[in-house]
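Breakdown of the fold
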Amino acid sequence: MFLTFSAAATAYTHFDSLGLSPIALDLGFFKIRWYSLAYITGIILGWWYLLKLIAQPGAPMARRHADDMVFYATLGIILGGRIAYVLFYQPSILADPLDVLKLWEGGMSFHGGAIGVSLSILYLARKNGLNWLRIHDYIACCVPFGLFFGRLANFVNGELWGRTTDVSWAIIFPGSGDNLPRHPSQLYEAGLEGIVLFAVLWFMFWKTQARYEPGKLVGTFLLGYGLSRFTVEFFRQPDAQLLEFAERTGMSMGQWLTVPMIVGGLYLIATAKKRRQRVEAVSGGQSVA
């Protein structure tokens, strides 16, 4: 069976034939990677969309708060994402602490980035006397931009590939080392966590009264992301250093980390109506309940 599967692999698309490169611009002395551009693009588009959201009646913060939020969130994404990756996915990096700073070599965790952004929201809200949960709702609507471009960058890098399969759209990733066709799970995540989740949150924000029920939008984001990631993990190959963990526990690290998100999302959605507020705009763009 293995020999048949290997022979059939020649009929599938080889990643190298796609002509993709992780380097977007190479000036010799300086290189710009698609992964870096994905982060920058996601943050800029998220900022742009956040300004659109807070321009609507009942916004939980003013333009000046949104501008500060982008700075704090960027720090949260970088620090939280890197620290969580090292702790949960590759603790061996701690053997040489300086390697933790080598962000250009890759290695970021969305779960850690989410925690970092949440902490930045709490700091902004406490500093300015704002409703932290409603700010979470607005920020959650902007996150799918970053998820979409980040997963596309993973695909361009030829990393985080899927499990072996015989589906017609399978791709052979040279980095896997076995020359077998695999699910392009990066694209599955880009579609579910980026496009689909954005569409759901867009509809809820613009076509319903969800933004007046604190926690409903961020709860939907947590639930949507959690279910999407949990599902895609069945098609995504666990990190090499975590294969034993996945076999021993029955679930991948990515799945275990989504469980609290799913539970928390369900709770926030179920209790959102109890927190419903009548929100009135005040000068400066800030709103109060």
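The structure contained in this document is the topic of the report that follows.

The rules behind these values
- Residues numbered from 1 in each chain as written.
- Predicted model: local features only at pLDDT ≥ 70, side-chain atom pairs only at ≥ 80, totals over all residues.
- Heavy atoms only, no water.
- Pairing = 2+ DSSP bridges.
- Helix = DSSP H or I, 4+ residues; strand = E, 2+ residues; numbered from the N terminus.
- Salt bridge = Lys/Arg side-chain N within 4 Å of Asp/Glu carboxyl O.
- Buried < 20%, exposed > 50% of the residue type's maximum accessible area, 1.4 Å probe, protein only.

Before going further, it helps to examine the pairing of strand 2 (residues 23–26). Both strand 2 and strand 3 (residues 31–33) contribute to a ladder of three bridges, which runs antiparallel. In the sheet register, Leu25 faces strand 3, and the bridge partner there is Ile32.

Attention now goes to the sheet that holds strand 4 (residues 171–172). Read from one edge to the other, the open sheet built from three strands follows the order 1-4-5, with strand pairing classed as mixed. If you trace the sheet from one side to the other, it starts and ends with strand 1 (13–14) and strand 5 (181–182), each paired once. Strand direction decides the pairing type here: strand 4 and strand 5, joined by two bridges, are antiparallel. Its bridge partner lying in strand 5, Ile171 is registered against Arg182.

Scanning all chains against the criterion turns up 11 salt bridges. A salt bridge links Asp178 to Arg182, with the nearest nitrogen and oxygen atoms 2.4 Å apart. For Arg182, a relative accessible area of 6% gives the class buried. Measuring nitrogen to oxygen at the nearest pair gives 3.8 Å for the salt bridge that ties Glu189 to Arg229. With a gap of 40 residues between them, Glu189 in helix 6 (residues 185–207) and Arg229 in helix 7 (residues 216–232) connect regions that are remote in the sequence. Pair check on accessibility: Glu189 and Arg229 agree, each one buried. Through salt bridges that share partners, Arg151, Glu189, Glu193, Arg229, Glu233 and Arg236 make up one connected network.

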